[in-house]
Amino acid sequence: MIIKTKKTIPASEITDPYVFKERRKIIKALLALTAMGSGIVPVLADNKPRWTNLPESSFSADLMTTPSEIIENYTNYYEFSYNKHDSTKLAQQLATDPWSVEISGEVEKSGTYFLEDILRQQTLQEHIYRFRCVEAWSMVIPWVGFALGDLLRKAQPLSTAKFVKFTSVYRPEVMPRQKQNNMLEWPYSEGLRIDEAMHPLTLLAVGMYGDTMPKQNGAPLRLVVPWKYGFKSIKAIVKIELLKKAPTTSWNKFAPGEYGFYANVNPNVPHPRWSQNSERLLGSGFFTPRRETELFNGYGEQVAGLYKDMNLRHFF
Ligand code: MTE
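This one's a predicted model, so the numbers in the text were calculated from it and none came from an experiment. (Residues numbered from 1 in each chain as written. Predicted model: local features only at pLDDT ≥ 70, side-chain atom pairs only at ≥ 80, totals over all residues. Heavy atoms only, no water.)

**Q** For the overall build of the protein, give the residues involved together with the corresponding values.
**A** Counting its regular elements, the protein contains nine helices and 14 strands. Per-residue burial for the protein yields a buried fraction of 53% across its 316 residues. (Helix = DSSP H or I, 4+ residues; strand = E, 2+ residues; numbered from the N terminus. Buried < 20%, exposed > 50% of the residue type's maximum accessible area, 1.4 Å probe, protein only.)

**Q** Talk me through the sheet that holds strand β4 (residues 111–114); I want residue IDs and the actual numbers.
**A** On the basis of which strands lie adjacent, the open sheet formed by five strands has the order β4-β3-β12-β7-β8 and mixed pairing. Lying at the two open borders of the sheet, with one neighbouring strand each, are β4 and β8 (189–193). The average undirected angle you get between the axes of adjacent strands in this sheet is 20°. Note that strand β3 (residues 100–105) and strand β12 (residues 237–243) share four bridges and pair parallel. Directly across from E102, in β12, lies its bridge partner K239. (Pairing = 2+ DSSP bridges. Axes fitted to C-alpha atoms, helices over the stretch in contact; angles between N-to-C directions.)

**Q** Let's hear about the packing of aromatic side chains: which residues, and what values?
**A** In total, this model carries 17 aromatic pairs according to the counting rule given. A centroid spacing of 6.1 Å and a plane angle of 80° characterise the contact between Y262 and F315, whose relative ring orientation is edge-to-face. Taken together, the positions of Y262 in the loop between α8 (250–254) and β13 (278–281) and F315 in the segment after α9 (300–303) put the pair 53 residues apart, joining distant regions of the chain. The buried category is assigned to Y262, whose relative accessible area is 11%. Residue class for F315 comes out partly exposed when judged on its relative accessible area of 38%. Ring centres of F286 and F287 lie 5.2 Å apart, and the angle between their planes is 85°; this geometry places the pair in the edge-to-face category. Overall, the relative accessible area of 76% leaves F287 in the exposed class. (Phe/Tyr/Trp six-rings, centres within 6.5 Å; stacked < 30°, edge-to-face > 60°.)

Below is the structure:
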C-alpha cells in the first residue's frame, strides 16, 4: 500500500497526464483481478467493470432487489440539489478519478491512500441490504463492497479511538449547493461509534448491481450502514478519522431534534413531522401496501446487542 504524508498534493497536480488517465484503467483491471482471484467472471464491456457471480456476503438478505433505474434516478445528494432528479443529473459533473482517502486520528498508521491501493487489499462481495431513508421509503440494493472494519484494522486503531468521523468531498466549483450556507454545513460529514464502524454489516461500497458505483449514488466510495437511516450512509468519502469524542455531523447539527446521531431505524420513535412505523417500497406497484418498518431495519438479530443498555428514544 502506498502511504503518503498527510499534506498530499492531489495526484492530478503531480502526475503525468498520461499516467493520470491510465489510473482509471488500472482500477478497473484491479477490480477485475480481485474478482478473478475468487473464481468470478468479470465482464469488461462498455469500458466499465462488471462482476458476475460475486461471492455473496453471509449477511445478505434474501430479498428481491429494487430495479436499478429507480435507485439511480431518485437520489439524495444535497451538494448538488435538493431535487432527487436534478441531483442525479448534476452529479455527473463530479470527477471521481483519481481519488484518495485520508485515514487519520487515533490510529497507529495514518496516511492518505489512493483508492486503487485500498481496493488491492480488500475482497469485494455482494451485499444485498434493505436501505431505509428517514423520509419513510425503502429499497433493496445489491451493493458491491467490503467491510469498513477490514480497512480500519489495517490502520491499527488505538484504544483511545471511540468514534469514527467520515467526510465527503468538498468541491464547490462543481457542487453548487456547497456555495450556500443556509442548510447543511459543508463538507457533508457523518459519524459512527467505533463498535458500529467495526460491525461486519457496515460497508464501504464501490459499486452496486454488479457495476461500479454511479456518481449520483456516491462514487467512488460510500458508506452503507443498513440498520440506520440512509443519511448516515455518506457518499464520496475523502476522509475517515478515528476520534476520542463523538464528532458533530451535518444533519445532527442542522436539526438535532429531527436527526439524531444514532439514527437507528426505529418504528417506535417518530420523526417530529411524520411517523416512522411504515415505509413506501420504491418500485412497487400503486396498490402495494406500505411495509411495516422493523426495528433496526430488520437487522436486530445482528446489531441489537450494540445498544442493549441504551434508551433508544433518548439516543435516537
Ligand atoms: N452523502 C452526501 N455526501 N450528501 C448527501 O446529500 N444524502 C444522504 C446519504 N448520503 C447524502 C449523502 C441521504 S439523506 C440518503 S437517504 C442517502 O445518501 C441516499 O442515497 P442514494 O441517493 O444512493 O439513495
